[in-house]
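Close look at the chain arrangement
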Amino acid sequence: MKILLYNPDNGVTRNFMPHLWMFLLQALTPPGHEVVLIDGNAQPMDEESIARYVREQNVGLVGIGAMTRMIAKAYRMADAVRAVGVKVVMGGPHVTEMADEALGRDGGSRHADAVALGEADETWPRIVEDAARGTLKDVYAPVDDFGQERKPSLQSYPEIPWDKIKLDQFNLLPGILHPLLKRVGAGWGTFRIIPVESGRGCPYGCEFCTVTGFFGDSIRFRTNESVVNELLLLKARARAEGGQIAVFFIDDNFAINVKRTKSLLRDIIAANAQVHWVAQISANLLRDEELVDLIAAAGGKWIFIGMESIDPANLADVKKGFNKPGEYAVVLDRLAQRNVFAITSFIFGMDNDTPGVAERTLKEIRTWPPGLPIFGLMTPLPATPLYKKLEAAGRLTRPKHWQEFIPFAMAHTPLKMSIDEAHNEVRKGWSSSYSPEAIGRAVDSLNHKPLGYRINIFIARLCFRGIYFPQMGRFAWLKTILENRRTIFKLIKQGFGGGLHAAVPSVATQPVSEQRN
């Protein structure tokens, strides 16, 4: 049977890396089946094109995984596939919490023939075999013999054959640049960001977060050897094809067990398995000087930190009081001293926020080392404690906001500002941080560093700008480049003046979180 695993885009902005679930399920598929992967962020498709594809390619089963912000597109694509007679199984955090919606049991249309609840490591092989026999069930859940939910161990983690998988659709470098970059050398024929996980689960239980509900509060880890071997495989592939590969550790808190993380990082160093990587780590764990030393030595270049707010009252309200705003500057300085920089995430529209929260936050950010600030709105995701609290209080303005996804739009009324005021705060955060002037200041602040670091922050800022200001077309990119021409010319001049052999820049990526979804 031919199987298509499809990950939809949200129709607004493309992610900068593929999603791990497709590669993991491909590795877990029983022998005798052909698996094809299509990520809509890298290979755009509409309903007509996916229907034509499954028909022409004689696909027998389509698996679709989607987070809440992508679910409307996922449902449309699933409907198109089912309309031509092909079975669809859906999974992921949203479908796990809203299985009746996907199956049409809530009074709406049915979008899936089957749903996979929770982690599908154990259920996916069973789904494939049932589909091949024509005995697909409605619901597949990872439960033990007593009907209790069972979380898969990661000790026997499947080997993902990164050396054999076709990754052409995930090359981030425009095709027109390939010949030039290969001539320049330094291994820039291709550049890909690859998702890798070293563990699952989070004990923190932040009110707005889906992770604890989906993966649980018990942390499970892969063996160090398994992770190191995967990095070595990726490093060998990059070397063999004359390209660059960076890794995003998608663990929701890469250093949640500091002792274990230090052990892994030491093993990476000992095996010479360093690649440039990004990881998500909460600020409280970065107090540890030895941990930060090991992060830098093991290849860490960017750390995503969910700061959320500079107001302790906000953090306490959403059960994230372990974040201490007074420590933010110290943590970021500690990273920057080791040439590791931060992606700092903030949420506006929290219950203690008032008009002016963006400027108050930006004032703090301007005192920190240059990084990549990102701004979002408090979003009640299905089944989270936040959603239940707002629903009970009658504060939801769009109870099923995911059915009509609108980027950067509130779905409830904040307590101390209007919805429009919250939208304006986010707009100010993005425009102030990613204007040509702000990007130029960030680049200039690294004038004491080798050229590579300045190129790094410039490229990363342009990419992250696209999260809020769409840059999906050539004209949008041309406009962005023209607006930033002064900084570009300065970097070119510095490059020719000081030589182009400076440190090769590491390129950051958009975080995989959807407020941890």
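Residues numbered from 1 in each chain as written. Predicted model: local features only at pLDDT ≥ 70, side-chain atom pairs only at ≥ 80, totals over all residues. Heavy atoms only, no water.

**Observations regarding a nonpolar patch on the surface**
On the surface, a nonpolar cluster with roughly 360 Å² of combined accessible area is contributed by Phe 475, Leu 478 and Leu 482. A residue is classified by how much of its surface remains accessible, and Phe 475, at 73% relative accessible area, is exposed. (Patch = residues over 30% accessible without salt bridge, like charges linked within 9 Å, V, L, I, M, F, W, Y side chains within 5 Å. Areas by Shrake-Rupley, 256 points an atom, 1.4 Å probe, with all protein chains shown as cover. Salt bridge = Lys/Arg side-chain N within 4 Å of Asp/Glu carboxyl O. Buried < 20%, exposed > 50% of the residue type's maximum accessible area, 1.4 Å probe, protein only.)

**Considerations on helix α2 (residues 47–56)**
For α2, the set of buried residues is Ser 49, Ile 50, Ala 51 and Val 54. Looking at the packing, one finds that the buried side of α2 touches β1 (2–7), β3 (61–65) and α3 (71–83). Of the residues flanking the start of α2, the one acting as N-cap is Asp 46, its side-chain oxygen 3.3 Å from the backbone nitrogen of Glu 48. Where α2 ends, the next residue or the one after it, Asn 58, has phi of about 55°, a positive value. (Helix = DSSP H or I, 4+ residues; strand = E, 2+ residues; numbered from the N terminus. Contact = heavy atoms within 4.5 Å. Polar contact = N/O pair within 3.5 Å; in protein donor to acceptor, adjacent residues only side chain to side chain.)

**What about the nonpolar core?**
Taken as a class, soluble globular proteins show a tendency for nonpolar side chains to be buried jointly. Core analysis: the largest hydrophobic core is formed by 109 residues, its most contacted members being Trp 124, Trp 277, Leu 286 and Ile 305. Examining the composition of this core, we find that nine residues originate from one element, helix α18 (residues 451–468), more than from any other. Each residue touching Ile 305, except ones within four places of it in the same chain, is listed here: Ile 281, Ala 283, Leu 286, Val 331, Leu 332, Leu 335, Ala 342, Ile 343, Thr 344 and Ser 345. Counting 47 residues, the second largest nonpolar core, distinct from the first, contains Tyr 6, Met 67, Met 350 and Leu 396. (Core = buried A, V, L, I, M, F, W, Y, C linked by side-chain atoms within 4.5 Å.)

**Description of helix α1 (residues 20–28)**
Since the α-helix advances by 3.6 residues per turn, residues separated by three or four positions end up pointing in the same direction. Among all positions of α1, only Leu 20, Met 22, Phe 23, Leu 24, Leu 25 and Leu 28 are buried. On its buried face, α1 sits against β1, β2 (34–39), α6 (123–133), β7 (191–196) and β8 (199–200).

**Details of the packing of helix α16 (residues 419–434) against helix α17 (residues 436–444)**
Axis angle and axis distance: for two packed helices, these are the angle between their axes and the distance between the axes, and together they describe the pair. Interhelical geometry of α16 versus α17 gives an angle of 55° and a closest axis separation of 4 Å. What the angle tells us is that α16 and α17 run oblique. Across the interface between the two elements, Ser 432, Ser 433 and Tyr 434 of α16 pack against Pro 436, Ala 438, Ile 439 and Arg 441 of α17. The residue makeup of the contact of α16 with α17, split by class, is four nonpolar, two polar and one charged. (Axes fitted to C-alpha atoms, helices over the stretch in contact; angles between N-to-C directions. Parallel < 35°, antiparallel > 145°, perpendicular 65-115°, else oblique. Nonpolar A, V, L, I, M, F, W, Y, C, P; charged D, E, K, R; others polar.)

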